[in-house]
Amino acid sequence: MEQTVNSKIMLIILAAGVFGILNTEMGFIGILPYIAEHYQVSIVQAGWLISLFALGVAAAGPTMPLFMSRFNRRNVMVFILGLFTLCSAAAVFTDNFYVLLVLRVLPAFFHPVYCAMAFTVAAGLARPGEEPRMVAKINMGVAAGMVAGVPVSNFLAEEISLAASMAFFAIATFTVLLATLWYVPSMPVKERLSYGSQLSVLKKPSVWTSIAAVIFLNGSIFGVFNYLAEYLGAVSGIAPTIISILLFVYGICNILGSLLAGNLLTVRPLSTVKAFPFAAALIYLVMLSGGSAWPFMGAVVVFWGILAGINGNINQYWISRAAPEAPDFANGLFLTAANLGCVFGTTVSGKFIEALGTSYVVLGGLVFCAAAAVILWLQCSDKDTLIHGFISAEQ
């Protein structure tokens, strides 16, 4: 059966909702200096708005999607989009930094609920065997939010005001809220899974190895990417304006990589997953061996950005296939593992910078690539029913 018009609209709304939420999450990175100045706090204190949000997402990932998995999905989406809109709108008018911190952290606990639900609903709209293509469209919303959030918020704060930047976050989620109210039908859960039955997936060894694989895969990308701006300036000798352009290009390539991953994971899932850590390691080896000079580094950023887009889809796909009987809970585990990978990867890569210098930040990425490769290849055994499912998808 061909995809209906309603399902196409649903996908657009879900992707836009994920965009709005990720835009709110990542956009604060672009306005930290303005927040520090406006609220008369240090840049480190302003950074709490980023770190506490990420910790909220990581803590809520395995719990909140599980708790809210039995409620009508449309009602949950409306509630979460309304909460994000209300908190962003209130942030426009507050002059107290600690009130801003509360307004920032509160919606973070519902971030994984909306995203996990979006992945689940998108997969449910797909024809059998084409779930990765549908999920890839949601991941494009994730990538777009990460691309647009920082430069747009920075531009609005610089050219208009900090309040205008925060209002942008509220407008983005409010627009999707209206679309959800208008177009999305009621979506009651047909088969309510007990909390115990969903938690029982944690008894499966493949779930735990999948969680570890996602932590290492995400750490291999974000552990290095989070220092990319510094690397491009200090090692590659690239001017600040060109760095901004390259970061934007990296984000656009994330979207392209997500689109590509939807096809790869539909046709050749096992081959794609097994090859990924080696492809990422090759990028880092090129950078380590002297391939960091401009303009060659521009080409590296393009390929690296595409790989990063593929990575996000692999992460979600791997854990969701490990626990298909509890999709919302599995997607929550994915979000937690992805955030933990970002934290661990950034920490390890930072240690290499402190010990050896910025040019050796890629060693952190290589460590995580190696760890991911070991887990993925060990999991690819004949006795693993998870892998059997991947093999059958390629036949």
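Structure report, in brief. (Residues numbered from 1 in each chain as written. Predicted model: local features only at pLDDT ≥ 70, side-chain atom pairs only at ≥ 80, totals over all residues. Heavy atoms only, no water.)

Notes on the overall build of the chain
Next up, step 1: Broken down by element type, the chain carries 19 helices and zero strands.
Next up, step 2: Here the chain has a C-alpha radius of gyration of 20 Å; the compact-globule value for 395 residues is 21 Å, and the two agree.
Next up, step 3: The principal-axis extent of the C-alpha atoms belonging to the chain is close to 50 × 50 × 35 Å.
Next up, step 4: Looking at the 395 residues of the chain, the share that counts as buried comes to 54%.
Next up, step 5: Long-range pairs, those at least 24 residues apart, make up 83% of the contacts in the chain between residues at least 6 apart in sequence.
Next up, step 6: If you sum the accessible surface of the chain, you get close to 16900 Å²; carbon and sulfur atoms cover 71% of it.
Next up, step 7: Of the charged side chains in the chain, 17 are positive and 16 negative; the average position of the first set lies 12 Å away from that of the second. (Helix = DSSP H or I, 4+ residues; strand = E, 2+ residues; numbered from the N terminus. Rg over C-alpha atoms; globule rule 2.2 N^0.38 Å. Buried < 20%, exposed > 50% of the residue type's maximum accessible area, 1.4 Å probe, protein only. Contact = heavy atoms within 4.5 Å. Areas by Shrake-Rupley, 256 points an atom, 1.4 Å probe, with all protein chains shown as cover. Lys, Arg positive; Asp, Glu negative; His and termini not counted. Charge placed at Lys NZ, Arg CZ, Asp CG, Glu CD.)

Re the environment of Ala213
Next up, step 1: Looking at the secondary structure, you find Ala213 in helix α12 (residues 205-225).
Next up, step 2: Classification of Ala213 by relative accessible area gives buried; the value is 1%.
Next up, step 3: For the pair Ala213 and Ile375, spaced 162 residues apart in sequence, the C-alpha to C-alpha distance is 6.1 Å.
Next up, step 4: If sequence neighbours within four positions are ignored, Ala213 has contacts with Trp318, Ala372, Ile375 and Leu376.

Quick look at the side chain of Thr346
Next up, step 1: Tracing the chain through its elements places Thr346 in helix α17 (residues 327-356).
Next up, step 2: Of the polar contacts made by the side chain of Thr346, one reaches the backbone oxygen of Cys342; its length is 2.6 Å.
Next up, step 3: Filtering out sequence-adjacent residues up to four positions away, Thr346 remains in contact with Phe222, Gly223, Asn226 and Tyr227. (Polar contact = N/O pair within 3.5 Å; in protein donor to acceptor, adjacent residues only side chain to side chain.)

Considering the packing of aromatic side chains
Next up, step 1: Throughout the structure, instances matching the rule amount to 12 aromatic pairs.
Next up, step 2: Aromatic side chains Tyr250 and Trp304 sit 5.7 Å apart centroid to centroid with 85° between the ring planes, which places their arrangement in the edge-to-face category. With Tyr250 in helix α14 (residues 240-267) and Trp304 in helix α16 (residues 296-322), this residue pair connects regions lying 54 residues apart in the sequence.
Next up, step 3: Given the relative accessible area of 3%, Tyr250 is considered buried.
Next up, step 4: Each residue in the set Phe222, Phe225, Tyr250, Tyr284 and Trp304 is aromatic and connected to the rest through ring pairs, giving one cluster.
Next up, step 5: A cation over a ring is seen here: Arg104 above Phe28, with NZ or CZ 4.0 Å from the ring centre. (Phe/Tyr/Trp six-rings, centres within 6.5 Å; stacked < 30°, edge-to-face > 60°. Lys NZ or Arg CZ within 6 Å of the ring centre and 35° of its normal.)

Observations concerning the side chain of Thr120
Next up, step 1: Tracing the chain through its elements places Thr120 in helix α8 (residues 111-124).
Next up, step 2: With sequence-adjacent residues up to four places away left out, Thr120 is seen in contact with Arg73, Pro327, Asp328 and Asn331.

With respect to the nonpolar core
Next up, step 1: Of all hydrophobic cores here, the largest spans 76 residues; its most connected members are Ile35, Tyr114 and Ile138.
Next up, step 2: Excluding residues that lie within four positions of it along the chain, Tyr114 makes contacts with Ile13, Leu14, Gly17, Val18, Ile21, Met77, Ile80, Leu81 and Val176.
Next up, step 3: Residues Leu246, Tyr250, Ala261 and Ile353 belong to the second largest nonpolar core, which totals 41 residues. (Core = buried A, V, L, I, M, F, W, Y, C linked by side-chain atoms within 4.5 Å.)

Geometry only, nothing functional implied.
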